[in-house]
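Structural overview
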Amino acid sequence: MRYCYFADYEIQLSDHLRVWGQSTLVHTVAPGDELDPAEVLVRIRAQAADAHDVKPAQVRVRGLSRLD
């Protein structure tokens, strides 16, 4: 099964600087397996962290929507 997501996130870099961003993700689940929402969040955070050169733990997902 193939799922597409849109995420809105923020990253706090210091007391005054905050980065906002959006990202999309295509997540596939093998036949017979169940969708694991935690895995989707891990992938979104990792993708955003890579884009901004920060740790995934610094990424706060503000909104996550599944696209049809």
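To keep things clear, this report deals only with the structure shown in the data block. For every chain, the first residue of its written sequence is number 1, and the numbers climb from 1 along that sequence. Owing to the predicted nature of the model, reporting of local features is limited to residues with pLDDT of at least 70; listing and counting of side-chain atom pairs is limited to 80 or more, with chain, interface and lining totals taken over all residues. Calculation of side-chain values draws on the structure's entire complement of heavy atoms; hydrogens and water are dropped beforehand.

1. Examining the overall build of the protein chain
Worth spelling out the cut-off: Per the convention used, a helix needs a DSSP run of H or I reaching at least four residues, while a strand needs a run of E reaching at least two, with both numbered from the N terminus. The rule is simple: take the accessible area with a 1.4 Å probe, protein chains only, and divide by the maximum for that residue type; under 20% is buried, over 50% is exposed, in between is partly exposed. Any pair of residues with heavy atoms lying within 4.5 Å of one another is described as a contacting pair. The Shrake-Rupley method, run with a 1.4 Å probe, gives the accessible areas here. Residue values count only the displayed protein chains as cover. When charges are counted, Lys and Arg are positive and Asp and Glu negative, with His and the chain ends excluded. To locate a charge, take atom NZ for lysine, CZ for arginine, CG for aspartate or CD for glutamate.
Secondary structure summary: the protein chain contains one helix and three strands in total. For the protein chain, the α and β elements follow one another from N to C terminus as β-β-α-β. C-alpha atoms of the protein chain, sized along the principal axes, occupy 45 × 20 × 15 Å. Relative to its 68 residues, the protein chain shows a buried fraction of 29%. Restricting to contacts in the protein chain with at least 6 residues of sequence separation, those with at least 24 account for 50%. Total accessible area on the protein chain is roughly 4,900 Å²; 50% of this is exposed by carbon and sulfur atoms. Averaging the positions of the 8 positive and the 10 negative side-chain charges in the protein chain gives two centres separated by 4 Å.

2. Concerning the nonpolar core
Our working rule: We define the nonpolar core as a collection of buried residues of types Ala, Val, Leu, Ile, Met, Phe, Trp, Tyr and Cys that are connected through side-chain atoms lying within 4.5 Å of one another.
Among the nonpolar cores identified, the biggest contains eight residues, and these are Y3, Y5, A7, L25, V29, V40, I44 and V61. Mapped onto this core, the elements with two or more residues apiece are β1 (2–12) and α1 (37–52). For this core, the element with the most residues is β1, which contributes three residues. Those residues in contact with Y3 that sit more than four places away from it in its chain are L25, V26, H27, V29, L35 and R66. Among the nonpolar cores identified, the runner-up in size contains seven residues, and I11, V19, A48 and A49 belong to it.

3. Examining the pattern of salt bridges
For side chains bearing opposite charge, pairing can occur when the charged atoms are close. Convention followed: By definition here, a salt bridge exists when the distance from a side-chain nitrogen of Lys or Arg to a carboxyl oxygen of Asp or Glu is within 4 Å.
For the structure on display, the rule yields four salt bridges. Here E10 makes a salt bridge to R60, at a shortest N to O gap of 2.6 Å. Separated by 50 residues along the polypeptide, E10 in strand β1 and R60 in strand β3 (residues 59–67) bring together distant segments of the chain. With relative accessibility at 47%, the residue R60 sits in the partly exposed group. With its nearest N and O atoms 3.7 Å apart, the salt bridge here joins E10 to R62. Within this pair, whereas E10 is found in strand β1, its partner R62 is found in strand β3, the two being separated by 52 residues in sequence. By relative accessible area, which is 9% here, E10 ends up buried. When salt bridges with common partners are traced through the structure, they connect D8, E10, R18, R60 and R62 into a single cluster.

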